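In case you want the letters, here they are:
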Amino acid sequence: MPFAGMAAGFDFSWREAGPIFLAADDLAKDKRPEEVLTAAKEQLDVARESGDKQAQASALLASTLGYLGLGASEKTLLIAGDARRLLRVVGRAEDEVTAVLLIAALQLRNGAAEDALCAAEEAQSMCKERGDRKAEASSQCALARSYLQLARPEEALRAASAAASTAALVGDKRAQAGACILASQALASAGSAVAAQGRAEESVALYKAAGDKHGEAQALRSLAEAHLLKGDAAAALTASGDAAALSVALADDAGRAGSLCITAEAQRLSGDSAAALKSAREALILFRKADDNKGVQLAKEKCAALRSKSAAASDVDTASSGAGISKAGACCIPGVSGPGGLAVEPWVNCLRVCGTAESKRLSGMVAVVTGASRGTGKGTAQMLAQAGAVVYVTGRSSTGSPTDPTVPSTVDDTAAGFSKAGGTGVGVAVHMDHTQADDNRALVDVVSRNHGRLDILVNNAPCNAPADASASAWLQPASIGSDLVASTAFDRTAQTLQFAPCLRRGRGLVVDFAEAGAHNSASGAAVAEQLRDRSVHLLSMAPGCVKSEKSMVSAQQVGAKLIDLESTRFSGQAVAKIAAMDPTELSRFSSSHRALCTAAAARFELDGYTHEAEVQTFATSGRTTFVR
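Procedures and definitions
- Residues numbered from 1 in each chain as written.
- Predicted model: local features only at pLDDT ≥ 70, side-chain atom pairs only at ≥ 80, totals over all residues.
- Heavy atoms only, no water.
- Helix = DSSP H or I, 4+ residues; strand = E, 2+ residues; numbered from the N terminus.
- Buried < 20%, exposed > 50% of the residue type's maximum accessible area, 1.4 Å probe, protein only.
- Contact = heavy atoms within 4.5 Å.
- Areas by Shrake-Rupley, 256 points an atom, 1.4 Å probe, with all protein chains shown as cover.
- Core = buried A, V, L, I, M, F, W, Y, C linked by side-chain atoms within 4.5 Å.
- Salt bridge = Lys/Arg side-chain N within 4 Å of Asp/Glu carboxyl O.
- Pairing = 2+ DSSP bridges.
- Axes fitted to C-alpha atoms, helices over the stretch in contact; angles between N-to-C directions.
- Expected span 1.5 Å × (residues − 1).
- Parallel < 35°, antiparallel > 145°, perpendicular 65-115°, else oblique.
- Left-handed = near helix turned anticlockwise from the far one by under 90°.
- Nonpolar A, V, L, I, M, F, W, Y, C, P; charged D, E, K, R; others polar.
- Disulfide = S-S within 2.5 Å.
- Polar contact = N/O pair within 3.5 Å; in protein donor to acceptor, adjacent residues only side chain to side chain.
- pLDDT = per-residue confidence, 0-100.

Q: Go over the overall build of the protein chain, please, and point to the residues and values.
A: Per the secondary structure count, the protein chain includes 24 helices and seven strands. Across the 628 residues in the protein chain, those meeting the buried criterion constitute 45%. Counting only contacts in the protein chain whose residues sit at least 6 apart along the sequence, the fraction spanning at least 24 positions is 66%. Surface accessibility of the protein chain: about 30400 Å² in total, with carbon and sulfur atoms responsible for 52%.

Q: Explain the nonpolar core to me, and be specific about the residues and the numbers.
A: In terms of nonpolar packing, the biggest core is built from 36 residues, with L362, L384, V391, I456 and I578 touching the most fellow members. Considering every element that reaches this core, the biggest residue donor is helix α23 (residues 568–579), with six residues. Not counting residues up to four positions away in its chain, the partners in contact with I456 are L362, M365, V366, A367, V368, L384, L509, V575 and A579.

Q: Before we move on, can you summarise the pattern of salt bridges with the specific residues and values?
A: Between side chains of opposite charge, pairing is possible as soon as their charged atoms come close. Applying the stated criterion across every chain yields a total of 18 salt bridges. Across the pair D45 and K41 runs a salt bridge whose closest N-O atoms are separated by 3.5 Å. Of this pair, D45 and K41 are both found in helix α3 (residues 33–50), four residues apart, which corresponds to roughly one turn of the helix. Note on D45: relative accessible area 33%, which makes it partly exposed.

Q: Can you lay out the sheet that holds strand β2 (residues 390–395) for me, pointing to particular residues and giving the numbers?
A: Strand order in this open sheet of seven strands is β3-β2-β1-β4-β5-β6-β7, and the pairing throughout is parallel. Two strands close off the open sheet at either side, each with one partner strand: β3 (427–431) and β7 (595–597). Looking at each pair of strands side by side, their axes are set apart by 20° on average, direction ignored. Relative to β2, strand β1 (residues 366–369) runs parallel, the two being bridged by four bridges. Bridging from a neighbouring strand, V368 pairs with Y392 of β2.

Q: Report on helix α5 (residues 73–89), specifying residues and quantitative values.
A: Side chains three or four residues apart in an α-helix point the same way, a direct result of the helix having 3.6 residues per turn. The end-to-end C-alpha separation of α5 is 25 Å, in line with the 24 Å expected for 17 residues at 1.5 Å each. All buried positions along α5 are accounted for by T76, L77, I79, A80, G81, A83, R84, L86 and L87. Downstream of α5 by a residue or two, G91 has a phi angle that is positive, lying close to 75°.

Q: Give a detailed account of the packing of helix α11 (residues 193–210) against helix α12 (residues 213–230), specifying residues and quantitative values.
A: The geometry of α11 relative to α12 is characterised by a closest axis approach of 8 Å and an angle of 165° between their N-to-C directions. Here α11 is positioned roughly antiparallel relative to α12, judged by the angle of their axes. Classified by chirality, the crossing of α12 by α11 is left-handed. Contact residues: α11 offers A193, A196, Q197, A200, E201, S203, V204, Y207 and K208, while α12 offers G215, E216, A219, L220, S222, L223, A226, H227, L229 and K230. For the contact of α11 with α12, a count of residues per class yields 10 nonpolar, five polar and four charged.

Q: So what's going on with the state of the cysteines? Which residues, and what values?
A: Considering all chains together, one arrives at zero disulfides under this definition. Counting only cysteine sulfurs, C261 is the nearest neighbor of C303, a cysteine outside any disulfide, at a range of 7.9 Å. Under the relative-accessibility criterion, C303 is labelled buried at 3%.

Q: Please provide a residue-by-residue account of the side chain of T496, values included.
A: Among the structural elements, T496 can be located in helix α20 (residues 479–499). Within the structure, T496 has its side chain in polar contact with the side chain of N459 (distance 3.0 Å).

Q: Pulling in residues and values, what's your account of the side chain of T376?
A: Within the element layout of this structure, T376 appears in helix α17 (residues 375–386). The exposure class of T376 is buried, given its relative accessible area of 14%. Look past the residues within four positions of T376 in its chain and what remains in contact with it is N460, F513, P543, V546, T568 and S571.

Q: Describe the pairing of strand β5 (residues 508–513), listing the residues and the values that go with them.
A: Counting buried positions over the six residues of β5 gives six, a clear majority of the element. Here β5 pairs with strand β6 (residues 536–542) via six bridges, running parallel. Bridge pairing links G508 to V536 in β6.

Q: Which residues make up the confidence of the model for the protein chain, and what are the values?
A: Overall, the predicted model of the protein chain reaches an average pLDDT of 76, with 76% of residues at or above 70. Long-range and interchain partners of residues 1–18, a stretch whose pLDDT sits below 50, account for 62 contacts in this model, where long-range means more than four residues apart. Confidence over residues 617–628 falls short of pLDDT 50; this stretch has 28 contacts with residues more than four positions distant or in other chains.

Q: Before we move on, could you go through the environment of R92 and cite the residues and values that matter?
A: Counting through the fold element by element, R92 comes out in the loop between α5 and α6 (93–109). What makes R92 partly exposed here is its relative accessible area of 24%. The spacing of R92 and Q54 is 38 residues in sequence and 8.8 Å in space, taken between C-alpha atoms.

Q: Can you lay out unusual backbone geometry for me, pointing to particular residues and giving the numbers?
A: Of note in the backbone geometry, A151 takes a positive phi value of approximately 60° without being a glycine. Among the secondary structure elements, A151 is positioned in the loop between α8 (133–149) and α9 (153–170). Phi is positive for A251, which is not a glycine, with a value near 60°. Inspection of the secondary structure puts A251 in the loop between α13 (233–250) and α14 (253–269).

Q: Could you give me a rundown of helix α10 (residues 173–189), with the residues and numbers involved?
A: Compared with the 24 Å implied by 1.5 Å per residue over 17 residues, the 24 Å span of α10 between its first and last C-alpha is a close match. What α10 keeps buried is the set A175, Q176, A177, G178, A179, C180, I181, L182, A183, S184, A186 and L187. With a side-chain oxygen positioned 3.3 Å from the backbone nitrogen of R174, the residue opening α10 is D172. Once α10 finishes, G191 follows within two positions and takes phi at roughly 90°, a positive value.

Q: I'd like a description of the environment of A39, backed by residues and values.
A: Inspection of the secondary structure assignment puts A39 in helix α3. The sequence separation of A39 and A59 amounts to 20 residues, and the corresponding C-alpha distance is 8.2 Å.

Q: Account for the packing of α17 against α23, naming residues and giving values.
A: The N-to-C vectors of α17 and α23 enclose an angle of 45°; their axes lie 7 Å apart at closest approach. By the angle between their directions, the pair α17 and α23 is classed as oblique. Every pair of crossing elements has a handedness; the one defined by α17 and α23 is right-handed. Note on element contacts: α23 touches α17 through T568, R569, S571, G572, Q573, V575 and A576, opposite G375, T376, G379, T380, Q382, M383, L384 and Q386.

Q: Tell me about the environment of R85, residues and numbers included.
A: Turning to its location among the elements, R85 is positioned in helix α5. Sequence-wise, R85 and E96 are 11 residues apart; in three dimensions their C-alpha atoms are separated by 8.1 Å. Separated by 2.3 Å, the side chains of R85 and D82 make a polar contact.

So this is what it looks like as structure tokens:
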């Protein structure tokens, strides 16, 4: 049930809360977030016209599920607050309590523990006034969770114990088991390992009696943590293994990842750092699959800690091998590419051979790449052509008249080189200046007349503000910076809007290349929202430091050493990968990646080198330049 998942273990049966929550649950069942929001909006409009406030409340509650699925936490809280006020107006006190608990759950997810505590206290007061013991147990669990997040274990223990007693009185084994888990966590926070173990074991027994496998797995994880607190690694491994087995049977990736994190800690405690690191890495993969950002961060920290311990614990012969390697690495062939003291293990090398048709993922698509004479624009155009697209490349350069004397490359060279790069050979060079409105209109007319649509638009061409080349930077007019930013944003926005009528619905993709940290302009965001309503997706992408023709010339002139740079085709790999997504996947990706770096979509260079997203490295040695 969606609301049960949103409440994150408040141990309250949302289906028994009332018909309004039942209707909201049914409205959101088996739908994607975008579909939930569309259905909720339609119901809300109908309910407002008819004056049916209960139907309005159901639609608003369904909207909270849609916005939560899209990651809009603040919007979710606002909608839940509006629903709660409507429930008060129509006199649905039972559903109002549930809405307050829902708000507390959302605030806990956002890390606002103080606000969640206030909401839980309000819910408890309402339950006492109504004499609803079952909902009171849920509000006491909410209090316990809030106290735990505020690092107040004694108060959390009192609230959890009260919740367990209340749930026992009404015969709700699930709620009682959930309260026992909270009590175990509070005792563990206070350092009472034996008492925490007892409460966790009680919770496991209650969940088994209730037949709740999800709850049983959660209780087993709490039991394993209590064993770790006691220093009993063997018992912790057994409990976490049982929890992982249950999570596998339930297809619960996040639960299995949490169990593996505990397993990793138990293995570390028993002295097996290598196995612990393997478990932590597996947990990281599962957390990413479950889209659990907090879990991903936890697994990353555990991997980092285990890597340092594993490196410190390894005592191998560091005699240099024939390949000249004298340091033990994670990926090496003992005795060949690694220290000879390492144990020899079997290894397999695999080469995958595929036909060219497999790589033509964009066959039949039409793309326009602006500013494609050199650098990132040229590399992007090459990768789109290699993937099978018909590519129009634009620029002011022409044969015999390059725009930069130090890099004599033109759009004609780019289009002619597609066949050499492994593309379809379909490239169209367009000589134009994107600062001229007439040129932009002519480009739109040509593409519309020849193809009737445009699938991919890559805005890469910069705007060059007039400057005195003979004067130093600090002697330039103060208006140059603002002119450059304003005109670049306007030109790209105007170009996108001119192409809007022929951009393909559902699969249309617009990518604006920008500098890191400067790729979230107000105009771009506004246009993105407008296009999104028409199923056209606008993304702002920031390449890292690129090994372009110009940067290599500059490095040679000053004697600098270029380190860890992206190739010009790496951005093209990212664009091609996004453009090849199916409409549903593209819609989800664009909603969560309005602004991104190239490494967030592509990881491997053509030569196999790996780039990590959001990682910046700086090297200073002699005349080595800073790189990002």
